[in-house]
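# Close look at the chain arrangement
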Amino acid sequence: MANPDRLTALDSTFLHLEDHSSAHMHVAMVMIFEGKAPTPQELVDHILSRLHLVPRYRQRLAYVPLGQGRPVWTDDPHFNPRYHIRHTALPRPADDAALKQLAGRLFSQRLDRSKPLWEFWLVQHMSGGRFALIAKTHHALVDGVSGVDITTVLFDTSPEPVPTSRPPAPWTARPLPGSAKLLGEALLERTTVPGEMTRGARALLRAPRRAAAQLKDGLVSIGATTLAGINAPAPPSPFNVDIGPHRRYTFLDGDLAQFKAIKDALGGTLNDVVLASVSLALGRYLRAQGQDTEGLVLKAMVPVSVRADSQRGALGNQVAAMWAPLPVGVEDPVDCLRQVSGEMENLKESGQAVGAQVLTNLAGFAPPTILSQAARLQARQRFFNLVVTNVPGPQFPLYVLGRRLEVLYPVVPLAQRQALGIAVMSYDGHLGFGLLADYDALPGLEGLMQDLRWAITALARAAGAPAKRSKAPGASHTANGSRANGAKPPRKAAGSTGGTGNGSSTLTRSR
């Protein structure tokens, strides 16, 4: 029987992706709250009171000798919550610009693999009577959709904290497994794979027609996924260059009701509107850089959750991918959305996401050394220009120690030769955009954020959608996002989505 604490092939891939590279494979979130910040000790006590609900957060990785198996999660006997739950304060004026700079520095630092792979930063004394929490978790531990569920466990749905069930006994770490045990278990599990294949063969004989149909469907969907990358590799772009270890970060607060109004007026899904906004913004940014965008179609890797509803809240990654075209050469908002919507509908029918899931499942049979090499090849891919991930979040207020969460912004990590990642997450009527970029490759990231604001406004105007609702408390403290790339500032328009600006997603699902 397989060890339930062993990393899956996909989880292990996220470790290999950052080996000997400047990529950092942690997902993250920037959360801004109303009111006075809790003390560091209050936050530590609060998280500790619920940590038994997410036992992985007290575990670290143990590596199999000679690379003969994927790592396993083991209890950390030296677990210290104060190492993982830290606090800091911003320099005056302690506004959103300072928060973005701090976030960029934190996202530039790799998580220590000898300890549990997560951090919480309490940012005290922000302008406007606010404070922030910045959370980092390694992608090998959690993906975007399950991360939403885990975060909900750590939060409350009312100002008064709800008592949680207590563990039957205080937590004590189990003994660390020795090298011999790790190696023995890995080799034993490997010998069970032929048995699993034998059982699969028996099932094939019992229901040959059904199995043949499933195999045929799987091969067709794999073909759709593979050919999508081979037949149309991503075009060269300023977003596909060698990256370093340092990051820039910015964010933007959108109005979920406005996006829905655009969808209702112009067609497509809410996710199509998100992708069209990104496409329009990237095109405007590239033209400001002197790039010719006529006929240019960039490719976005869109993570798609394949986690069943019954598995929500479980740790680990269950994601597949689609390659979504971004027609950055199209300047008309309506035409851009129409093209994005049509292409996304074709992708859903092609079976790309299903094929990606099949390939992910097959990776479970790959020996760790081959898996490591495959991860490196993936990092050098030319299948996509950037990642755009959209995670559905809770549509009700969340609280920490009675303080209301105003807005949140997600973070998607950068892979090798991928200088830009855009993450989107909905929460309580907001749509938070988080833009993470390589520090040297994209010095004009704030300008791109302004272009995204312009793109959302342009789509809203074309749809006759109502202006963005009043800003959340504290949003007036947003930094001015002036262009840092030497281009002219974007045009101002009535109804502009002001605000600020942090996987895996359900981008193929209409919401």
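See the structure printed just above.
Throughout this description, residue numbers start from 1 for each chain and increase along the sequence as written. pLDDT decides what is reported in this predicted model: residues at 70 or higher carry local features, side-chain atom pairs at 80 or more are listed and counted, and totals for whole chains, interfaces and linings draw on all residues regardless. Working from all heavy atoms in the structure, the side-chain values ignore hydrogens and water.

### Notes on the sheet that holds strand β11 (residues 399–400)
Taken together, the six strands give an open sheet; going across it, the order is β4-β5-β6-β1-β12-β11, and neighbouring strands pair in mixed fashion. Looking at which strands have only one partner, the edges of the open sheet turn out to be β4 (85–89) and β11. Whether two strands pair depends on DSSP finding at least two bridges between them. A run of DSSP states H or I qualifies as a helix once it reaches four residues; a run of E qualifies as a strand once it reaches two. Both are numbered from the N-terminal end.

### Some words on the side chain of aspartate 76
By the secondary structure assignment, aspartate 76 is in the loop between β3 (72–75) and α3 (81–84). A distance of 3.5 Å separates polar atoms of two side chains, one belonging to aspartate 76 and the other to arginine 60. Setting aside residues no more than four positions away along its own chain, aspartate 76 makes contact with Arg58, Gln59, Arg60, Lys115, Pro116, Trp171 and Ala173. In the analysis that follows, any N or O atom pair within 3.5 Å is treated as a polar contact, provided that within protein one partner can donate a hydrogen and the other can accept it, and provided that, for residues neighboring in sequence, both atoms belong to side chains. Two residues form a contact once any of their heavy atoms are found within 4.5 Å.

### Quick notes on the pairing of strand β6 (residues 130–138)
Counting buried positions along β6 yields nine of nine residues, so the element is predominantly enclosed. Bridge count between strand β1 (residues 26–34) and β6: nine bridges; the pairing is antiparallel. Opposite valine 27, over in β6, you have threonine 137 as the bridge partner. Of the strand pairs in this sheet, strand β5 (residues 118–126) and β6 are connected by seven bridges, and their pairing is antiparallel. Pairing of valine 123 across the sheet is with alanine 132, part of β6. In textbook terms, the turn of a hairpin is the stretch between consecutive antiparallel strands, and for β5 and β6 this stretch comprises three residues, one of which, glycine 128, has a positive phi near 75°. Accessible area is worked out with a 1.4 Å probe on protein chains only. A residue is then buried under 20% of its type maximum, exposed over 50%, and partly exposed in between.

### Side note on the packing of helix α9 (residues 270–288) against helix α13 (residues 445–463)
Helices that pack against each other are described as a pair by the angle of their axes relative to one another and the distance between those axes. For helices, the axis comes from a line fit to the C-alpha atoms of the stretch in contact; other axes are also lines fit to C-alpha atoms, and the angle between any two N-to-C directions lies between 0 and 180 degrees. In contact at an axis separation of 8 Å, α9 and α13 are set at 125° when each is read in the N-to-C sense. Accordingly, the angle class assigned to the pair α9 and α13 is oblique. Remark: the crossing between α9 and α13 carries right-handed chirality. Contacts between α9 and α13 involve Val273, Ala276, Ser277, Val278, Leu280, Ala281, Leu282, Arg284 and Tyr285 from the former and Leu448, Asp451, Leu452, Trp454, Ala455, Ile456 and Leu459 from the latter. Residues of the contact of α9 with α13, tallied by class, amount to 13 nonpolar, one polar and two charged. The labels follow the angle: roughly parallel below 35 degrees, roughly antiparallel above 145, roughly perpendicular from 65 to 115, and oblique for the rest. Note: crossing handedness is left-handed where the near helix turns anticlockwise from the far helix by less than a right angle, and right-handed where it turns clockwise. Each residue gets one label: Ala, Val, Leu, Ile, Met, Phe, Trp, Tyr, Cys and Pro are nonpolar, Asp, Glu, Lys and Arg are charged, and the others, such as Gly, are polar.

### Re unusual backbone geometry
For the bond running from arginine 92 to proline 93, omega is 10°, close enough to zero to count as cis. Structurally, proline 93 is set in the loop between β4 and α4 (96–107). Despite not being glycine, leucine 401 has its phi angle at roughly 50°, a positive value. Structurally, leucine 401 is set in the loop between β11 and β12 (403–411). The residue arginine 417 is not glycine, and still its phi comes out positive at about 55°. Examined against the element boundaries, arginine 417 turns out to sit in the loop between β12 and β13 (420–427). Arginine 417 gets classed as partly exposed once you look at its relative accessible area, which sits at 38%.

### Description of the packing of aromatic side chains
The rule is short: rings of Phe, Tyr and Trp, with Trp giving its six-membered ring, pair when the centres are within 6.5 Å, and they are stacked under 30 degrees, edge-to-face over 60, tilted in between. In this structure the tally under the stated criterion is eleven aromatic pairs. Seen in terms of ring centroids, phenylalanine 33 and phenylalanine 131 are 4.9 Å apart; in terms of plane orientation they differ by 5°. Their pairing is stacked. Note that phenylalanine 33 is positioned in strand β1 and phenylalanine 131 in strand β6, a separation of 98 residues in sequence. Classification of phenylalanine 33 by relative accessible area gives buried; the value is 0%. Over the aromatic face of tyrosine 83 sits the side chain of lysine 115, whose NZ or CZ is 4.9 Å from the ring centroid. Charge-over-ring contacts are defined here by two conditions on Lys NZ or Arg CZ: a distance within 6 Å of the ring centre and an angle within 35 degrees of the ring normal.

### Side note on the packing of helix α8 (residues 256–266) against α9
The contact between α8 and α9 brings their axes to 9 Å, and the two run at 100°. In this view, α8 runs roughly perpendicular relative to α9, as classed from their interaxial angle. On the side of α8, the interface is formed by Leu256, Phe259, Lys260, Ile262 and Lys263, while α9 contributes Leu270, Val273, Val274 and Ser277. Split by residue class, the contact of α8 with α9 holds six nonpolar, one polar and two charged.

### Regarding the environment of valine 387
Take valine 387: it is sitting in strand β10 (residues 386–391). Residue valine 387 is classed as buried on the basis of its relative accessible area, which comes to 4%. Look past the residues within four positions of valine 387 in its chain and what remains in contact with it is Met301, Pro303, Val412, Gln418, Leu420, Gly421 and Ile422.

### A word on the nonpolar core
Generally speaking, a soluble globular protein has its nonpolar side chains buried in company with each other. In terms of nonpolar packing, the biggest core is built from 77 residues, with Leu99, Phe107, Ile134, Leu282, Leu420 and Phe433 touching the most fellow members. The residues touching phenylalanine 107, leaving out its near neighbours within four places in the chain, are His24, His26, Ala28, Val30, Ile134, Lys136, Arg247, Tyr249, Val411 and Leu436. We define a nonpolar core as any set of buried Ala, Val, Leu, Ile, Met, Phe, Trp, Tyr and Cys residues linked to one another through side-chain atoms lying within 4.5 Å. In terms of nonpolar packing, the next biggest core, distinct from the first, is built from 37 residues, Leu43, Ile85, Leu111 and Val142 among them.

### What to know about α9
Take the number of residues in a helix, subtract one, and multiply by 1.5 Å to get its expected span. Compared with the 27 Å implied by 1.5 Å per residue over 19 residues, the 27 Å span of α9 between its first and last C-alpha is a close match. A positive phi of about 85° marks glycine 290, the residue just after α9.

### Here's the deal with the environment of methionine 31
Tracing the backbone through its elements, the reader meets methionine 31 in strand β1. Taking relative accessible area as the criterion, methionine 31 reaches 2% and is therefore assigned buried. Linking methionine 31 and isoleucine 134, residues 103 residues apart in sequence, is a C-alpha distance of 6.2 Å. Apart from residues lying up to four places away in sequence, methionine 31 is in contact with Phe120, Phe131, Ala132, Leu133, Ala135, Phe155, Leu405, Val407 and Leu408.

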